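Coordinates in review
Listed below are the residues making up each chain.
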Amino acid sequence: SSMRSHLGVFEKIPRINGGIVLKRALLLSVIILTVDQLLKLYFQLYFLEEELLIFKHWGFTYVTNLGIWISPDISMTLMIIIQIFVILCWLLMLKLLTDYHIYYRKSIFIDISFAFFTTAALGNVILDRLFLGYIRDYFITPIAICNLADISFEISLIFFVIELIRYPDARNIF
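A brief report on the enclosed structure follows. All values reported here derive from a predicted model rather than from experimental measurement. (Residues numbered from 1 in each chain as written. Predicted model: local features only at pLDDT ≥ 70, side-chain atom pairs only at ≥ 80, totals over all residues. Heavy atoms only, no water.)

1. Some words on the pairing of strand 3 (residues 135–140)
For strand 3, the buried fraction is high: five of the six residues fall into the buried class. In this sheet, strand 3 lies alongside strand 2 (residues 58–65) in antiparallel orientation, the contact comprising five bridges. Bridge pairing links Asn65 to Ile135 in strand 3. Here two bridges tie strand 3 to strand 4 (residues 145–146), and the two strands are oriented antiparallel to one another. Along strand 4, the bridge assignment pairs Phe139 with Cys146. In this antiparallel pair of consecutive strands, strand 3 and strand 4, the connection spans four residues. (Buried < 20%, exposed > 50% of the residue type's maximum accessible area, 1.4 Å probe, protein only. Helix = DSSP H or I, 4+ residues; strand = E, 2+ residues; numbered from the N terminus. Pairing = 2+ DSSP bridges.)

Set out below in structure tokens:
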């Protein structure tokens, strides 16, 4: 009873599964980010200056780049603005995920969507560009040479759309 009086405003915060709302989503994020970084390291060590084509325009290699695939000659100022924007988007997604779990429902599709969005946002922007100064790419596609972090945004959108298709009432939340 005396403990409750010290909690004050926190008594009103909804609790799910013992108060850990984001555990599954954050764990998935760490796993996918780890896979992304391990793949980058593997191709950096074993595919330097090599190319392995599986199909005509699909395969593996290792390249580094300082820009982004849609504009390789991007200025450093614009790159910093993009990094700040991506971090702000990730924080917004974290808030939306929390609200979705608290006020609507827990969803594995939303958790997976968030995990891939985290990989997209943090895999290149923070872990590679900020700490290494460049991005490590290894997937050869008809469009560009990319990595798991690059394609994770599209995967994130797919899982988000699946959630909205399976639970049409969720559309009212956004």
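2. Describing the packing of helix 3 (residues 76–103) against helix 4 (residues 108–132)
For any two helices packed against each other, one specifies the inter-axial angle together with the distance between the axes. Axis separation between helix 3 and helix 4 bottoms out at 10 Å; the angle between their running directions is 155 degrees. It follows that helix 3 is roughly antiparallel to helix 4 by the angle criterion. Classified by chirality, the crossing of helix 4 by helix 3 is left-handed. Seen from helix 3, the contacting residues are Met79, Gln83, Val86, Ile87, Cys89, Trp90, Met93, Leu94, Leu97, Tyr100 and His101; seen from helix 4, they are Ile110, Asp111, Phe114, Phe117, Thr118, Ala121, Leu122, Val125, Ile126, Arg129 and Leu130. Classifying every residue of the contact of helix 3 with helix 4 gives 17 nonpolar, three polar and two charged. (Axes fitted to C-alpha atoms, helices over the stretch in contact; angles between N-to-C directions. Parallel < 35°, antiparallel > 145°, perpendicular 65-115°, else oblique. Left-handed = near helix turned anticlockwise from the far one by under 90°. Contact = heavy atoms within 4.5 Å. Nonpolar A, V, L, I, M, F, W, Y, C, P; charged D, E, K, R; others polar.)

Read these as layout, nothing more, since geometry by itself doesn't imply function.
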